[in-house]
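# Coordinate analysis (summary)
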Protein chains: 2
Amino acid sequence: MFTVKTPEEALDIIRDTFSPLSGEELVPLDAGCGRVLARDITAGEYVPGFDRSTVDGYAVSARDTFGCSDAIPALLSLAGEVLMGEAAENALIPASCVYVPTGGAVPEGADAVVMIEYTEDYGDGTIGILRPASPGMNMIYRGDDVYPGKRVLPAGRRLGVSDIGALAAMGITRVPVKKRPVVGIISTGDELIPIEETPAGGQIRDVNSSMLAVLCRQLGADPVCYGIIRDEPEKLTKAVENALAGCDLILISGGSSVGLKDATAGIIENHGRILFHGIAMKPGKPTILGDAGGKPIFGLPGHPVAAFFVSRLFVRAALAVLTGESCLLRTIPAYLGEALSANHGRMEVIGVHLRQEADALYADPVHTKSGLISSLAGADGYITIPRDCEGLAAGAIVEVNSFEAP
Amino acid sequence: MFTVKTPEEALDIIRDTFSPLSGEELVPLDAGCGRVLARDITAGEYVPGFDRSTVDGYAVSARDTFGCSDAIPALLSLAGEVLMGEAAENALIPASCVYVPTGGAVPEGADAVVMIEYTEDYGDGTIGILRPASPGMNMIYRGDDVYPGKRVLPAGRRLGVSDIGALAAMGITRVPVKKRPVVGIISTGDELIPIEETPAGGQIRDVNSSMLAVLCRQLGADPVCYGIIRDEPEKLTKAVENALAGCDLILISGGSSVGLKDATAGIIENHGRILFHGIAMKPGKPTILGDAGGKPIFGLPGHPVAAFFVSRLFVRAALAVLTGESCLLRTIPAYLGEALSANHGRMEVIGVHLRQEADALYADPVHTKSGLISSLAGADGYITIPRDCEGLAAGAIVEVNSFEAP
């Protein structure tokens, strides 16, 4: 007999049971966005690769300018100009200066750049410096940003746009990322028909195959749909065995009949062990999780709303384990748009619409009587109401898990 | 002479000047995730398409159960069973009941379902009902969720996973979405080399082409890179004219030389008008925006960190206008990890790392001396410090714009 787990216990079990997949691949930089880094990225060179000016001005030896002022300029002989994109050919000799544009190379021997606004060009090869420079002023030294061996990005990070920029700056054009987990998706139930068909009496469309496939892709996995399996345990067994052979994680949704429920549990037991059977949340209670030789097998509720929330919470966590992703759940606070009544001993997950009004963000609960489309369409995120909470007043501050972030 | 705009003024100008692109296309449902709806989606059918039970039990006429109890059950004759996925063939006759599984069709004439737990099967074709049912109990009526003509999703919404679920449930297998804007990306500067090359003295890699392309893709646009253009106004003119012919929005980054700056402004004036030249923010001040016959042309700063933040803030807003996306900027509150000193008359944008500690989220400012990689690598979002703010204390609550959400 399996006891029902709290959502926190279920997450702990997922994190404690499964391990990252071993596969990694080297992908072109632009394909790396959204992928999970397989190893630390350390710099192999100095950035910048040369001492650079941050202003348009004259590279100087700071000591040559000490004590100067508008009234008593330091007079330096102009020894040339550094062109953008070219190296500074000659070292600076004392009492001279070299013109350097913003981003240009500062010659060896110079240790500061004086902004052109604080200089005067006498036209005879002499530049007057009107303000003293301190060493390091208006320049970035070679390696100030990164130097060989510095860890720039940690393994487990899901690469974002700015990370791609940093990698490009280091000349890293291919990145080692974790293999995308392959997720097998199986829908069960005699009442299901493909979404492109029109339901006859008693039939409903197989929403879960399409929706879970899109969710998996958003979460960085590759979905494989095994179609709709009729309510016959042998067929389900065959589908699961096919999926286990080709996938890293299996989602079986539906199976509301006792036969299919037992079949799902039985198949998991035949291929491994059941980790839990039931999560104390609403919707989503009849969720099963099994471990088939290191591969998570989820038995998800058939109702698409329940399947969606369970997947956002638990399948997502399992995929993060498989890719080794270090993910934080970041929530957005909002004012609850209206009062929500108590629930009964289970954590409750409620879809919300976000609404901006003046400077405040409101989360309006999606009301529905087991509604499918009304619960899913246009929802911007969800809130959870803890098991022991007896309800929330309108205007209470709630933490919204936004659907925008994967 | 163009005056510098505040960030708010710049956003208003973008929203007031440009209009949505007219193009739309019909894409398969699974390709619709992340795209912007071109029109309202209204339901064309009833969902559910039949009266459905939400429990395993007996469909009854509620009035036949009024007044019953454990002690005095209502005795109903069992008139059959509805199978999952099949229509209820016969209407319910008074004083009878029909077994219906969860999700099964409730026969005509029945107006409630009594959970099996509150019934007793006497084995002789008679079912005892132990608790009275009220009309509508444990069932969802046809069209409770949606009905023909109900608006399910509004034009302008960026479709998410749950929206895809709702569309699948309605049998909508292709969705009308706005054309993805095509963004032309041009990098300028004699110091730039392609990222796969190793910089010689004074050279730096062209980070912006790669980074802006990935950003555009994340924002739902198709990037076209026109390469690195040397510091010659005629070459830039040619590149911009090519880009204008094939793109909906142009990004020119770099051009730190006076010649290229003037060239960018001049080209915009030749093809339209300049909307602003300078934004009061740090980094990003030397940003230009022009309107070339309805197409936004941005002159972005060459420094990748500045180009990145300006793009996140303003290019993103322009793309949302082009697709007609109704987007909210949602921020995540966090405690500032350390004090930040004042800035000077300009809004300041500062990258942050997010760090979870116990139950609190901290935003640690990315410190850098014009650092490129250190500013970009691993940043999880940014905060803005308003123009008139004189600094923030450690522990202050800041609003983080997360990079996770597009």
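Rules of the game
- Residues numbered from 1 in each chain as written.
- Chains lettered and ligands numbered in written order.
- Predicted model: local features only at pLDDT ≥ 70, side-chain atom pairs only at ≥ 80, totals over all residues.
- Heavy atoms only, no water.
- Helix = DSSP H or I, 4+ residues; strand = E, 2+ residues; numbered from the N terminus.
- Buried < 20%, exposed > 50% of the residue type's maximum accessible area, 1.4 Å probe, protein only.
- Salt bridge = Lys/Arg side-chain N within 4 Å of Asp/Glu carboxyl O.
- pLDDT = per-residue confidence, 0-100.
- Contact = heavy atoms within 4.5 Å.
- Buried area = accessible area lost by both parts, 1.4 Å probe.
- Nonpolar A, V, L, I, M, F, W, Y, C, P; charged D, E, K, R; others polar.

## Side note on unusual backbone geometry
Residue and element names in this part refer to chain A. Following Val47, the chain continues into Pro48 via a peptide bond in cis, with omega recorded as -5°. In this model, Ala95 sits at a positive phi of 65°, which is unusual for a non-glycine residue. Mapping Ala95 onto the fold places it in the loop between β5 (74-81) and β6 (96-100). Positive phi values are uncommon outside glycine, yet Asn138 reaches one of about 60°. Counting through the fold element by element, Asn138 comes out in the loop between β9 (126-129) and β10 (139-140). Judged by its relative accessible area of 22%, Asn138 falls in the partly exposed class.

## Concerning the pattern of salt bridges
Oppositely charged side chains can form a pair if their charged atoms are brought close together. Tallying each qualifying case throughout the model produces 30 salt bridges over all chains. Its salt-bridge partner being Lys235(B), residue Glu232(B) comes within 3.6 Å of it at the nearest N-O pair. Taking relative accessible area as the criterion, Lys235(B) reaches 42% and is therefore assigned partly exposed. The residue Arg355(B) makes a salt bridge to Asp364(B) at a minimum N-O spacing of 2.7 Å. Overall, Asp364(B) belongs to the buried group, its relative accessible area being 16%. Residues joined in a network through salt bridges with shared partners are Arg157(A), Asp163(A) and Asp380(B).

## A look at the confidence of the model for chain A
When pLDDT is averaged along chain A, the result is 92; 96% of the residues meet or exceed 70. Model confidence for the complex is summarised by a pTM of 0.92, with the ipTM given as 0.91.

## Brief notes about the interface of chain B and chain A
Between chain B and chain A, the residue contacts involve 77 residues of the former and 77 residues of the latter. Of the roughly 6,300 Å² buried between chain B and chain A, counting both surfaces, carbon and sulfur atoms make up 63%. Its largest share of buried area at the contact with chain A, chain B owes to Val161(B), Arg330(B) and Ile373(B), together 11% of the area lost on that side. Taken together, the connections running from chain B to chain A amount to 4 salt bridges. We note a salt bridge from Arg205(B) to Glu45(A), for which the minimum N-O separation is 2.7 Å. Looking at the side of chain B that touches chain A, the elements with two or more residues in it are β10 (139-140), β11 (151-153), α2 (161-169), β15 (204-205), α3 (207-218), β22 (331-336), β24 (347-357) and α7 (373-376) of chain B. In terms of residues, the side of chain B that touches chain A owes the most to one element, α2(B), which gives 8 residues. In terms of residue class, the side of chain B that touches chain A is built from 41 nonpolar, 18 polar and 18 charged.

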